[in-house]
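# Secondary and tertiary structure notes
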Amino acid sequence: MWRIIKRTFVILFVAQLVYIVVLKWVNPPITITQINSLVEGHGLKRDYISYAQMPNSAKYAAIAAEDQLFAEHNGFDRKHIEKALKFNEQNEGKKLRGASTISQQVAKNVFLWQKRSWLRKGLEAYFTFMIELIWGKERILEMYLNVSETGIGTFGIEAASQRYFNKPASKLTQNEAARIIVNLPNPKKYKVNPPSSYVSRRASWVERQIRNLKGNPAIDNLVKGK
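Residues numbered from 1 in each chain as written. Predicted model: local features only at pLDDT ≥ 70, side-chain atom pairs only at ≥ 80, totals over all residues. Heavy atoms only, no water.

For the rest of this paragraph, the subject is the sheet that holds strand S2 (residues 149-151). Taken in spatial order, the three strands line up as S1-S3-S2 in an open sheet, and their pairing is mixed. Strands at the two margins of the open sheet, each flanked by one partner only, are strand S1 (45-46) and S2. Looking at chain direction, S1 and strand S3 (residues 154-155) are connected through two bridges and run parallel. Each bridged residue has a counterpart across the sheet, and for Lys45 the counterpart in S3 is Thr154. (Pairing = 2+ DSSP bridges. Helix = DSSP H or I, 4+ residues; strand = E, 2+ residues; numbered from the N terminus.)

What follows concerns the packing of aromatic side chains. Under the definition given, this model contains five aromatic pairs. Here the aromatic rings of Tyr126 and Phe127 are separated by 5.2 Å at their centres, their planes lie at 70 degrees, and the arrangement is edge-to-face. On the basis of relative accessible area, Tyr126 is assigned to the partly exposed category, the value being 26%. Connected via pairs of aromatic rings, a cluster forms that spans Tyr19, Phe111, Tyr126, Phe127 and Trp135. Above the face of the Tyr51 ring, Lys59 is positioned so that its terminal group lies 3.6 Å from the ring centre. Looking at Lys214, its charged tip hangs above the ring of Tyr60, at a distance of 5.2 Å from the centre. (Phe/Tyr/Trp six-rings, centres within 6.5 Å; stacked < 30°, edge-to-face > 60°. Buried < 20%, exposed > 50% of the residue type's maximum accessible area, 1.4 Å probe, protein only. Lys NZ or Arg CZ within 6 Å of the ring centre and 35° of its normal.)

For the rest of this paragraph, the subject is the packing of helix H5 (residues 102-111) against helix H7 (residues 137-147). As a packed pair, H5 and H7 sit with axes 9 Å apart at the nearest point and diverge in direction by 55 degrees. Taken as axis vectors, H5 and H7 run oblique relative to one another. Of the two possible hands of crossing, H5 and H7 adopt the one that is left-handed. Of the residues in H7, those in contact with Ile102, Ser103, Gln105, Val106, Asn109 and Val110 of H5 are Lys137, Ile140, Leu141, Met143, Tyr144 and Val147. Across the contact of H5 with H7, the residue classes tally to eight nonpolar, three polar and one charged. (Axes fitted to C-alpha atoms, helices over the stretch in contact; angles between N-to-C directions. Parallel < 35°, antiparallel > 145°, perpendicular 65-115°, else oblique. Left-handed = near helix turned anticlockwise from the far one by under 90°. Contact = heavy atoms within 4.5 Å. Nonpolar A, V, L, I, M, F, W, Y, C, P; charged D, E, K, R; others polar.)

Written as structure tokens, this is what we have:
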């Protein structure tokens, strides 16, 4: 029995490692979150596009809104994690504050499920480390903008652009891209077009952050694919 368990573990480990390597160049056929969308009757609208086809406005917006140290960290923002832990300890019983980087969100969205648990967080840390090691920042950001749920049954920046603005993502304005990105924390609740008051305010904040981030060589080179 132990031999069977050991062999099964080795096979699963090798299989997931191969899958991670393959996804460096091939887009995932489907994710657990997308399967749930189908099961719940929300459908599945997505259209993967390449990094070069993605508007720079969306790349800047994602970094500005979700992870301003994305170009610098190794997948984990320790200072942000410490602040979130301190906040959650001081506000026990209230809404928890997250500290996930873009890399961690991609690990969760591509390989895992959405419901919080210690098991998921442990696996998320492992997959975050692996994609940082194997994929690199450009591929991680590309996957983030292709796989993230951007509306009910809608995934990725291209499908979101078509749904909310009836045009390809490459034609998005900076404000339109920002509105899609700020919708990501709760795409089933927030309204992109016309924007809710929260989305409108948050998008304006993101645009200000983008202006501050431009001129940072690490971010500019990442966004432009250099």
